[in-house]
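Remarks on the overall topology
Spelled out, the chains give:
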Amino acid sequence: YFFEPQENRTTVIMTVQNPNRSHAAKSFEYEAAIYGPNKGLVKTIPGTSFAYAEELKYIIFPNLLTPRRSIERVDLRIRNSDWVKREDFEKPNLVVQDQETMLEEKRIVVQGKVTNHDTVAFPRVRVVAIFYGTLGQPDGASETEIADLLPNETRVFNILHPPILGVGKSTKIFVYAKRP
């Protein structure tokens with residue numbers, strides 16, 4: 001999915017799914033190729049990520065500087081996956097609590113808490129918010145990061161986004177952290 005939250009700005013939401021029950025991708029490289037009119041390449045964004053067994057994951061690129069209405073297609077290429085057994089790379093036990101979405105005049109604010117119910121600290125926890133329109137379609141996304149979340153620690157998060165016409169309070173939160 002891709003959206004234009006502000007003039008000359010685009011947010012891209014990509015989904016990566018690991019349907020494998022027995023293996024996780026401890027790491028993989030990706031490249032998002034963004035195409036505009038006449039199949040012209042507008043931008044490529046390289047990166048690395050991971051996917052736990054049976055995980056559906058959202059990778060977002062919020063607020064990219066792009067020419068107005070220049071995006072027609074986004075392709076995602078994945079390579080160099082490091083596959084390990086599920087039990088060697090278990091999904092962290094992170095829980096979102098007290099999530100609230102507020103529609104203010106000049107922005108959308110999502111607040112909540114993340115608790116680490118795991119036995120290890122996570123140096124980087126990504127909190128992703130996907131905003132849904134009145135018909136249930138994704139209409140925007142943003143994210144924030146929590147640094148150094150210790151075992152049994154709870155931290156507050158805030159995610160801000162420009163207003164989106166037709167978006168209600170329907171927001172889904174996803175939390176991602178790579179097991180050290």
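What counts, and where the lines are drawn
- Residues numbered from 1 in each chain as written.
- Predicted model: local features only at pLDDT ≥ 70, side-chain atom pairs only at ≥ 80, totals over all residues.
- Heavy atoms only, no water.
- Helix = DSSP H or I, 4+ residues; strand = E, 2+ residues; numbered from the N terminus.
- Rg over C-alpha atoms; globule rule 2.2 N^0.38 Å.
- Buried < 20%, exposed > 50% of the residue type's maximum accessible area, 1.4 Å probe, protein only.
- Contact = heavy atoms within 4.5 Å.
- Areas by Shrake-Rupley, 256 points an atom, 1.4 Å probe, with all protein chains shown as cover.
- Phe/Tyr/Trp six-rings, centres within 6.5 Å; stacked < 30°, edge-to-face > 60°.
- Lys NZ or Arg CZ within 6 Å of the ring centre and 35° of its normal.
- Pairing = 2+ DSSP bridges.
- Axes fitted to C-alpha atoms, helices over the stretch in contact; angles between N-to-C directions.
- Core = buried A, V, L, I, M, F, W, Y, C linked by side-chain atoms within 4.5 Å.

**Some points on the overall build of the protein**
Within the protein, the secondary structure is distributed over zero helices and twelve strands. For the protein, the sequential pattern of α-helices and β-strands runs β-β-β-β-β-β-β-β-β-β-β-β. Taken over the C-alpha trace, the protein has a radius of gyration of 17 Å; the compact-globule value for 180 residues is 16 Å, and the two agree within 12%. By principal-axis analysis of the C-alpha atoms, the protein measures approximately 45 × 40 × 25 Å. A buried classification covers 42% of the 180 residues belonging to the protein. Considering only contacts in the protein between residues 6 or more positions apart, those separated by 24 or more positions represent 70%. Surface accessibility of the protein: about 9900 Å² in total, with carbon and sulfur atoms responsible for 47%.

**A short note on the packing of aromatic side chains**
Summed over the entire model, instances satisfying the criterion amount to six aromatic pairs. Measuring from centroid to centroid gives 6.4 Å for F28 and Y30, while their planes differ by 55 degrees, and the two rings are tilted. Of the two residues, F28 and Y30, both sit in the buried class. Here the aromatic rings of Y30 and F61 are separated by 6.2 Å at their centres, their planes lie at 55 degrees, and the arrangement is tilted. Within this pair, whereas Y30 is found in strand β3 (residues 23-35), its partner F61 is found in strand β5 (residues 56-65), the two being separated by 31 residues in sequence. By relative accessible area, which is 11% here, F61 ends up buried. Site record: aromatic cluster; members linked through ring pairs are F28, Y30 and F61. The ring of F50 carries K57 above its face, with NZ or CZ at 3.3 Å from the centroid. A cation sits over an aromatic face here: K57 above Y176, 5.4 Å from the ring centre.

**Looking at the environment of W83**
Topologically, W83 is positioned in strand β6 (residues 73-85). For W83 and F28, which are 55 residues apart along the polypeptide, the C-alpha to C-alpha distance reads 8.9 Å. Setting aside chain neighbours within four positions, we find W83 in contact with N18, H23, A24 and A25.

**A word on the sheet that holds β6**
Read from one edge to the other, the open sheet built from three strands follows the order β4-β3-β6, with strand pairing classed as antiparallel. The outermost strands of the open sheet, each flanked by one partner alone, are β4 (41-51) and β6. On average, each strand axis in the sheet is inclined to that of its neighbour by 10 degrees, with strand direction left out of account. Bridge analysis of β3 against β6 gives eleven bridges, and the strand direction is antiparallel. From the neighbouring strand, A33 faces β6, where its bridge partner is D75.

**Observations regarding the nonpolar core**
The biggest cluster of nonpolar side chains holds 17 residues, and the ones touching the most others in it are L94, V114, V125 and F157. At the level of secondary structure, the elements contributing two or more residues to this core comprise β8 (108-116), β9 (122-133), β10 (138-149), β11 (154-161) and β12 (167-177). If one sorts the elements of this core by residue count, β9 sits on top with five residues.

**Considering the environment of F28**
Secondary-structure assignment places F28 in strand β3. Owing to a relative accessible area of 3%, F28 belongs among the buried residues under this scheme. Taking the C-alpha atoms as reference points, F28 and S49, separated by 21 residues in sequence, lie 5.5 Å from one another. With near-sequence residues (within four places) excluded, F28 lies in contact with V16, G47, T48, S49, F50, A51, I78, R79, N80 and S81.

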